[in-house]
Amino acid sequence: MARAAPLLAALTALLAAAAAGGDVPPGKIAVVGAGIGGSAVAHFLQQHFGPRVQIDVYEKGTVGGRLATISVNKQHYESGAASFHSLSLHMQDFVKLLGLRHRREVVGRSAIFGGEHFVLEETDWYLLNLFRLWWHYGISFLRLQMWVEEVMEKFMRIYKYQAHGYAFSGVEELLYSLGEATFVNMTQHSVAESLLQVGVTQRFIDDVVSAVLRASYGQSAAMPAFAGAMSLAGAQGSLWSVEGGNKLVCSGLLKLTKANVIHAAVTSVTLHSTEGKALYQVAYENEVGNSSEFYDIVVIATPLHLDNSSSNLTFAGFHPPIDHVQGSFQPTVISLVHGYLNSSYFGFPDPKLFPFANILTTDFPSFFCTLDNICPVNISASFRRKQPQEAAVWRVQSPKPLFRTQLKTLFRSYYSVQMAEWQAHPLYGSRPTFPRFALHDQLFYLNALEWAASSVEVMAVAAKNVALLAYNRWYQDLDKIDQKDLMHKVKTEL
């Protein structure tokens, strides 16, 4: 009995120390933004901290963010991110986890339009397409492919690091761990510079590379090489999308997580301290009025930049103060036009002979970037793509809203035009330094990573990183944060 008393006292002291030391999971977590980043980070946070943690997700608009649809004639079409690459491993996992399905692919031919004529046309024969690329551009397309594959092989290391629980507090640390100085240097040199160095011709860059970058980012080959490589990777290999709409991934993850979605605009995050621990007060406003809640962890999963209304979000009580992430975003306008294509503009007077479903553009013409004959998000077994002479739903991507004269240039006539305008991607090169994921002890900025590269999968990677970073910081597992030579560490762990 005498031995039991000291043992009981020691156990009580151990439990008290554990509680004081942060071994108790957080009570409440706030996520600001319900796009793919916010939805994914809510899922990953619950995965790591357990189902008892309360996760509040604030969203002033609709769930899905830049994953969205527009209805035309009672059918829904993608107006945001339209497809994902086969190497998007987190997105693939989400689809399996949620029981969603890949949408049936309806094949269509592509071409690149140079303002007066097509500079490159795809055929139905793979070998003929390769021959045409070689005939026009020599082995530039092979050199491009090797360059992109080398970048992607290094980037794919992130999934192994994350599977082992490693996280990074800043974008530069993450990039360095994947590609060492090469990746960091790629953020400071243009796509054109990097490709010329590996023997890709200027003509191939002007005709093909520029068209792909305009289609994905609305920007030119003067953009940084790292973001460009990630975009060019998306142009190779198979693409897929979600049956019923890509935004179902966001709503599905939030439902699975049992997150409490609060439809309100967050106006400020204020730092308070209690018993030596950070506590964050999140103030918000909605139709009812103004209110606030306290949280142990806060994740900002929406862009913080000057030309976005979320820049109304302020930070108070932090020393040193938290600066707003300054930089501009590239506006992208998506117009869904239900009408008859003006095939004569593209050199086909007879619309029945127009063979292309997807048109990319070089830097000319400047008023639109891509033109696609698109399919609805629900495709029946009997569905067929509209023929060129029929009225179809076309998706036009442009840097600015289209004028009536520009619509008349692209279409003989049309029944309807519906538009969505996005602050889609950072204007690369407008920000000299990268923001950090960790803004404070338990305050994180998920969208920091899109200043290196921007895509749905990149946001999912950032979400996993932030969830791991919050978890490792909460439990003071500092050996899992910003570690050097991770490839060696991961191999030894295996």
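See the structure printed just above.
Below, the structure is looked at part by part. (Residues numbered from 1 in each chain as written. Predicted model: local features only at pLDDT ≥ 70, side-chain atom pairs only at ≥ 80, totals over all residues. Heavy atoms only, no water.)

## Some remarks on the overall build of the protein
Tallying secondary structure elements over the protein gives 14 helices and 21 strands in all. Its C-alpha atoms give the protein a radius of gyration of 25 Å, within 12% of the compact-globule value 23 Å for 494 residues. C-alpha extents for the protein along the principal axes are approximately 100 × 55 × 45 Å. The buried share of the protein, reckoned over its 494 residues, is 52%. Sequence-distant contacts in the protein: of pairs separated by 6 or more residues, those separated by 24 or more amount to 73%. Side chains of the protein give 39 positive and 40 negative charges; the mean places of these two sets differ by 7 Å. (Helix = DSSP H or I, 4+ residues; strand = E, 2+ residues; numbered from the N terminus. Rg over C-alpha atoms; globule rule 2.2 N^0.38 Å. Buried < 20%, exposed > 50% of the residue type's maximum accessible area, 1.4 Å probe, protein only. Contact = heavy atoms within 4.5 Å. Lys, Arg positive; Asp, Glu negative; His and termini not counted. Charge placed at Lys NZ, Arg CZ, Asp CG, Glu CD.)

## Things to note about the side chain of S241
Summarising the element assignment, S241 is placed in the loop between β8 (239-240) and α11 (248-257). Not counting residues up to four positions away in its chain, the partners in contact with S241 are A82, S83, F84, R101, H102, R103 and N246.

## Focus: the pattern of salt bridges
Counting across every chain of the model gives eight salt bridges. For E293, the salt bridge identified is with K28, shortest N-O distance 2.9 Å. Residue E293 is found in strand β12 (residues 290-295), and its partner K28 is found in strand β1 (residues 28-32); the two are separated by 265 residues along the sequence. The partner of E450 in a salt bridge is R66, and the shortest N-O contact between them spans 3.4 Å. Of this pair, E450 sits in the loop between β21 (443-445) and α13 (456-474) while R66 sits in the loop between β2 (54-58) and β3 (69-72); the two residues are 384 residues apart in sequence, bridging distant segments of the chain. (Salt bridge = Lys/Arg side-chain N within 4 Å of Asp/Glu carboxyl O.)

## A look at helix α3 (residues 89-98)
Among the residues of α3, those classed as buried are H90, M91, Q92, F94 and V95. If you follow the buried residues of α3, they end up packed against α2 (36-49), β5 (84-85), α6 (157-163), β8, α11 and α13. Of the residues one or two after α3, G99 is the one with positive phi, at around 70 degrees.

## Concerning the nonpolar core
Here is a general trend for soluble globular proteins: nonpolar side chains tend to be buried in one another's company. Residues L45, F226, V269 and I300 are the most contacted members of the largest nonpolar core, which totals 124 residues. When residues in this core are grouped by element, the largest group, 13 residues, is from α13. With residues up to four places along the chain from it excluded, the contact list for F226 reads V151, F155, L175, F183, M186, T187, A452 and A453. Core analysis: the second largest hydrophobic core is formed by 20 residues, A111, F113, L407 and F411 among them. (Core = buried A, V, L, I, M, F, W, Y, C linked by side-chain atoms within 4.5 Å.)

## Some words on the sheet that holds β1
Strand order across the open sheet formed by six strands is β9-β2-β1-β13-β21-β20, with mixed pairing between neighbours. If you trace the sheet from one side to the other, it starts and ends with β9 (260-262) and β20 (438-440), each paired once. Between one strand and the next, the sheet's axes are offset by a mean angle of 20 degrees, whatever the strand orientation. Relative to β21, strand β13 (residues 297-300) runs parallel, the two sharing three bridges. The residue of β21 that forms the bridge with V298 is L443. Across the sheet, α2 is in contact with β1, β2 and β13; its angle to β1 comes to roughly 160 degrees. Lying on the sheet, α13 is in contact with β13, β20 and β21; it crosses β21 at an angle near 160 degrees. (Pairing = 2+ DSSP bridges. Axes fitted to C-alpha atoms, helices over the stretch in contact; angles between N-to-C directions.)

## Some thoughts on the pairing of strand β17 (residues 370-373)
Burial of the side chains of β17 extends over both faces: T370 and D372 are buried on one face and L371 and N373 on the other. Relative to β17, strand β16 (residues 356-361) is paired through three bridges, and the arrangement is antiparallel. Looking across to β17, one finds that L360 is bridged to T370. Bridge count for β17 against strand β18 (residues 392-398) is four bridges, and the pairing is antiparallel. Paired with L371 across the two strands is V396, which belongs to β18.

## Here we look at unusual backbone geometry
Residue P320 follows H319 across a cis peptide bond; omega there is 0 degrees. With respect to the element layout, P320 can be found in the loop between β14 (314-316) and β15 (329-341). In this model, F364 is joined to P365 through a cis peptide bond whose omega is 0 degrees. Inspection of the secondary structure puts P365 in the loop between β16 and β17. Of note, N73 is a non-glycine position whose phi angle comes to about 55 degrees, a positive value. Within the element layout of this structure, N73 appears in the loop between β3 and β4 (75-78). If you check the backbone angles, K74 has positive phi at about 65 degrees while not being a glycine. Structurally, K74 can be placed in the loop between β3 and β4.

## So, the environment of L175
Tracing the chain through its elements places L175 in helix α7 (residues 171-186). Of the residues examined, L175 reaches a relative accessible area of 1% and is grouped as buried. When the C-alpha atoms of L175 and T187 are compared, they prove to be 9.6 Å apart, with twelve residues separating the residues in sequence. Residues within four places of L175 in sequence aside, it is in contact with E180, F183, V184, T187, F226, F434 and A452.

## Considering the packing of aromatic side chains
Counting across every chain of the model gives 32 aromatic pairs. Each ring, one from F346 and one from F354, has its centre 5.9 Å from the other, and the planes form 45 degrees; the classification is tilted. Each member of the pair, F346 as well as F354, is classed as buried. Judged by centre distance (5.4 Å) and plane angle (85 degrees), the ring pair of F348 and F354 falls under edge-to-face. Residue F348 is classed as buried on the basis of its relative accessible area, which comes to 18%. Taken together, the aromatic side chains of F113, F118, Y345, F346, F348, F354 and F356 make up a single cluster linked through ring pairs. (Phe/Tyr/Trp six-rings, centres within 6.5 Å; stacked < 30°, edge-to-face > 60°.)

Read these as spatial facts, not as claims about activity.
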